[in-house]
Amino acid sequence: MSLLFSPLSIRSVTFRNRLWVSPMCMYSAVDGVVQEWHHTHLAQFASGGAGLIVAEATAVVPEGRISPRDAGLWNDEQRDAWAPIVQTIHDRGAVAGIQLAHAGRKASTWWPWAPARGSVPAAEGGWITTAPSAVAFDGFAEPAALDAAGIDRIVDAFAASARRALDAGFDVLELHGAHGYLLHQFLSPLSNRRDDEYGGSLENRARLLLRVVGAVRAEAGDDVPLFVRISATDHADGGFTAEEATSVGEWAAQRGADFIDVSSGGLVAHQQISVFPGYQVPLAETVRQGGRIPVSAVGLITAAEQAERVLVDGAADAIFAGREWLRDPHFALRAAHELGAEVAWPPQYDRARWR
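Residues numbered from 1 in each chain as written. Predicted model: local features only at pLDDT ≥ 70, side-chain atom pairs only at ≥ 80, totals over all residues. Heavy atoms only, no water.

Here the structure, examined in full by the defined rule, presents 14 aromatic pairs. Between the aromatic rings of tryptophan 20 and phenylalanine 259, the centroid separation amounts to 5.6 Å while the plane-to-plane angle is 45°, which identifies the pairing as tilted. On the criterion of sequence distance, the pair formed by tryptophan 20 in strand β3 (residues 19–21) and phenylalanine 259 in strand β10 (residues 259–263) is long-range, its members being 239 residues apart. The two residues tryptophan 20 and phenylalanine 259 agree in class, both being buried. Between the aromatic rings of tryptophan 20 and phenylalanine 320, the centroid separation amounts to 5.4 Å while the plane-to-plane angle is 70°, which identifies the pairing as edge-to-face. Remark: phenylalanine 320 occurs in strand β12 (residues 318–321) and tryptophan 20 occurs in strand β3; sequence separation between them is 300 residues. Here tryptophan 20 matches phenylalanine 320 in class, with each residue buried. Three or more aromatic residues joined by ring pairs form one cluster here, namely Phe15, Trp20, Phe227, Phe259 and Phe320. It is lysine 106 that lies over the ring of phenylalanine 137; its NZ or CZ is 5.0 Å from the centre. (Phe/Tyr/Trp six-rings, centres within 6.5 Å; stacked < 30°, edge-to-face > 60°. Helix = DSSP H or I, 4+ residues; strand = E, 2+ residues; numbered from the N terminus. Buried < 20%, exposed > 50% of the residue type's maximum accessible area, 1.4 Å probe, protein only. Lys NZ or Arg CZ within 6 Å of the ring centre and 35° of its normal.)

Before going further, it helps to spend a moment on the pairing of strand β5 (residues 95–101). The buried fraction of β5 amounts to seven of the seven residues, a majority that puts the element mostly inside the structure. Residues Val95, Gly97, Gln99 and Ala101 of β5 are buried on one face, and the alternating residues Ala96, Ile98 and Leu100, pointing to the opposite face, are buried as well. Where strand β4 (residues 52–59) and β5 come together, seven bridges link them in parallel fashion. If you follow alanine 55 over to β5, its bridge partner there is isoleucine 98. In this view, the connection linking β4 to its parallel neighbour β5 by way of helix α2 (residues 76–91) has right-handed handedness. (Pairing = 2+ DSSP bridges. Right-handed = clockwise from strand over helix to strand, strands pointing away.)

Structure follows, in structure tokens:
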């Protein structure tokens, strides 16, 4: 029996397997509204056997977008555009999740294939960004430090976007507390220089994330799984650590989070990362063992046996992958075949099952 292809239940949701699609930005929305590209992009992974598909980082307010082309969920038009995509995912047997996000000081930037880099100027559709402190990401415009009222508005925006996501039919909510975006910026002393109740100690630096967890749980009720993605290290001296991430994971669980999606990095340009297959798996194992909350592993996990081994070794409870799904949208069907796992194939594809 393959662990990778065994079901997993969290609250009212059962995932058909533990090989999941990470949220990956497509930079293809118009005024925050997802397009036909997003429909085709996400539906293919459901046909390919994914257990859970988490839609890309979706901004809870316009100024929270990474780029002007990011998806959003701050109005009902955006909600309604997501609904048919969610239905298509469900029709193909997968669970649909969405990552709610605010980019903070890393907002208002050019998309990857744009002719420029760095911050988008106001004259070209950009905006003033916000952050815990007026400390810029290297090469980006300086943000404005959030005041107490601004922080309260962000908590409310996460809750409102969660409601729209649920109304669109999403089964799982994920909060983006990783990769140098706003919630991560509050967690790390490298970007959080505040001297109020949101700065200094780890308890203070975690306050915004935990407020958002509580607000979203209150909006979602008792049945909806709530994930939190964290960067378990900044890969930089003086930054957020795996030990701190373990504590934050425990605190998040106490406030209603069910699962920690463990990643790393993204906070500072001077990070030093050694990248190799499975390079972030030890971080997931640390958070899982120390925090007593289920976790996923991610990071250059590209093969069936590799993913299976992570679960067998007890390093994680599920596997998120990104680039491998882009290379092969039927990654789960291929992995099941390689592991000899019996899974349901779309009848249209059954001719390729064993031959």
